[in-house]
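Coordinate analysis (summary)
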Amino acid sequence: TALAIAIIIAAYLLGSVSSAVLVCRAYGLPDPREQGSGNPGATNVYRLGGRTAAALVLVCDMLKGTIPVWLSYLIGINPFLLGLIGIAACLGHIYPVFFHFRGGKGVATALGAMAPIGLSLTGLLVLTWGVVLVITGYSSLSAIVTAILAPLFTWWIKPQFTMPVAMLSCLILFRHYENIRRLLDGEEKPIVLRRWRR
Ligand code: G3P
């Protein structure tokens, strides 16, 4: 329907607003596309600027997924279209029209888009991400493991959303191609402080 298409476009445009670039500008930090991993996301902002700036990026990037999906859910849009709206938000984040199509990896935005499915799913995803991060120190590996498990958790908790969540997971995994290569080559940079891990 016309309404759903309008929402998909709006979700893409909202997703295209790069919180990482804007927050770094506001905090006088280096451009996250030029330093660290070069990725405009919460992880890299944490590397460059620490906790507060990273938390702000995380929340804003999540809201880019949550707002369009949740509003659409409230007006009764079906699960398949909700999935497309979530994907549009992530595609905006990954290929932002306002930032020369050079965006992030969609982890926070996908989590935000899945959040309206419910607190138990969101809790499981955050827990998985956190446990893998604490054990391994790699934000990317945490995202990869969480993306693989997300469709299984969803199938278990709210089966009608399995397909849309699986589509989001595929997008995240595809976008972590470079991280997967770095992980396999032993060249990925951990983000947890060393003294924590030794
Ligand atoms: O959220 C993105 C994360 O999974 C990887 O980020 O900066 O380590 O490539 P980065």
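Preceding this section is the structure that the text describes.
Reference entry: report on the structure contained in this document. (Residues numbered from 1 in each chain as written. Predicted model: local features only at pLDDT ≥ 70, side-chain atom pairs only at ≥ 80, totals over all residues. Heavy atoms only, no water.)

**So, the overall build of the protein**
Worth spelling out the cut-off: By definition, any uninterrupted DSSP run of H or I lasting at least four residues is a helix, any uninterrupted run of E lasting at least two residues is a strand, and each is numbered from the N terminus. As a reference, a globule follows 2.2 Å times the number of residues to the power 0.38, and the radius of gyration itself is taken over C-alpha atoms. Residue burial considers only the protein chains on display, and all accessible areas are found by Shrake-Rupley using a 1.4 Å probe.
Helix and strand content of the protein: 11 helices and zero strands. Shown N-terminal to C-terminal, the secondary structure of the protein runs as helices and strands in the order α-α-α-α-α-α-α-α-α-α-α. A compact globule built from 198 residues would reach a C-alpha radius of gyration of about 16 Å, and the protein, at 16 Å, matches this within 12%. Total accessible area on the protein is roughly 10,400 Å²; 69% of this is exposed by carbon and sulfur atoms.

**Comments concerning the side chain of Asn179**
Quick reminder of the rule: Accessible area is worked out with a 1.4 Å probe on protein chains only. A residue is then buried under 20% of its type maximum, exposed over 50%, and partly exposed in between. Throughout, a residue-residue contact means that at least one pair of heavy atoms, one from each residue, lies within 4.5 Å.
With respect to the helices and strands, Asn179 occurs in helix α10 (residues 177–184). A relative accessible area of 5% means that Asn179 is categorised as buried. Filtering out sequence-adjacent residues up to four positions away, Asn179 remains in contact with Lys105, Ser140 and Glu188.

**Some remarks on the packing of helix α9 (residues 162–175) against α10**
Just so we agree on the cut-off: The angle between two axes is taken between their N-to-C directions and runs from 0 to 180 degrees, where each axis is a line fitted to C-alpha atoms and a helix contributes only its stretch in contact. Note that the term roughly parallel is reserved for angles under 35 degrees, roughly antiparallel for angles over 145, roughly perpendicular for angles of 65 to 115, and oblique for everything else. Think of it as three bins: nonpolar holds Ala, Val, Leu, Ile, Met, Phe, Trp, Tyr, Cys and Pro, charged holds Asp, Glu, Lys and Arg, and polar takes everything else, Gly as well.
The geometry of α9 relative to α10 is characterised by a closest axis approach of 4 Å and an angle of 55° between their N-to-C directions. The angle between α9 and α10 falls in the class oblique. Across from Leu173, Phe174 and Arg175 in α9, the residues of α10 making contact are Tyr177, Asn179 and Ile180. Partitioning the contact of α9 with α10 into residue classes produces four nonpolar, one polar and one charged.

**With respect to the layout of surface pockets**
Applicable threshold: Cavities and pockets are defined on a 1 Å grid built over the protein atoms alone: a cavity is a set of grid points where a 1.4 Å probe fits but cannot escape, while a pocket is an open set with protein on both sides within 12 Å along at least five of seven lines, and lining residues are those with an atom within 4 Å of any such point. Grid points are joined across faces, edges and corners, and a volume is the space filled by probe spheres set on the points.
Reported here for the largest pocket is a volume of approximately 1,000 Å³. Among the elements of the structure, α3 (42–49), α4 (51–74), α6 (107–114), α7 (119–136), α8 (139–157), α9 and α10 are those that each provide at least two residues to the lining of the largest pocket. Here the residues of the lining of the largest pocket are counted per class, giving 21 nonpolar, 15 polar and eight charged.

**Some details on the site of the ligand**
Using the following cut-off: Consider each residue's heavy atoms; a residue with any of them within 4 Å of a molecule or strand counts as near. Each polar contact in these results corresponds to two N or O atoms within 3.5 Å; when the atoms are within protein, one needs to be able to donate a hydrogen and the other to accept it, and residues that are neighboring in sequence are counted only if both atoms are side-chain atoms. A molecule is said to be in a cavity or pocket once over half of its atoms fall within 2 Å of that pocket's grid points.
Around the ligand sit 13 residues in total, of which Ser37, Arg47, Lys105, His176 and Asn179 are the nearest. At 2.6 Å from an oxygen atom of the ligand is found a side-chain nitrogen or oxygen belonging to Arg47. Here Asn179 contributes a side-chain N or O atom positioned 3.0 Å from an oxygen atom of the ligand. Across the complex, the protein chains shield 94% of the 310 Å² of accessible surface that the ligand would expose by itself. Of the pockets mapped on this structure, the ligand occupies the largest pocket.

**Side note on the packing of α6 against α9**
The interhelical angle for the contact between α6 and α9, taken along N-to-C directions, is 175°, at an axis separation of 10 Å. Judged by the inter-axis angle, α6 sits roughly antiparallel to α9. Across from Val107, Ala110, Ala113 and Met114 in α6, the residues of α9 making contact are Val165, Leu168, Ser169 and Ile172.

**Things to note about a nonpolar patch on the surface**
As a reminder of what qualifies: The patches described consist of residues with a relative accessible area above 30% and no salt bridge, like charges being joined within 9 Å and nonpolar side chains (Val, Leu, Ile, Met, Phe, Trp, Tyr) within 5 Å. Whenever a carboxyl oxygen of Asp or Glu lies within 4 Å of a side-chain nitrogen of Lys or Arg, that contact is scored as a salt bridge.
There is a patch of nonpolar side chains on the surface, built from Ile5, Ile9, Leu13, Val17, Leu22, Leu91, Tyr95, Val97, Phe98, Phe101 and Phe174 and spanning about 970 Å² of accessible area. Here the nonpolar patch gets three residues from one element, more than from any other, and that element is helix α1 (residues 2–15). Secondary-structure assignment places Phe98 in the loop between α5 (79–94) and α6.

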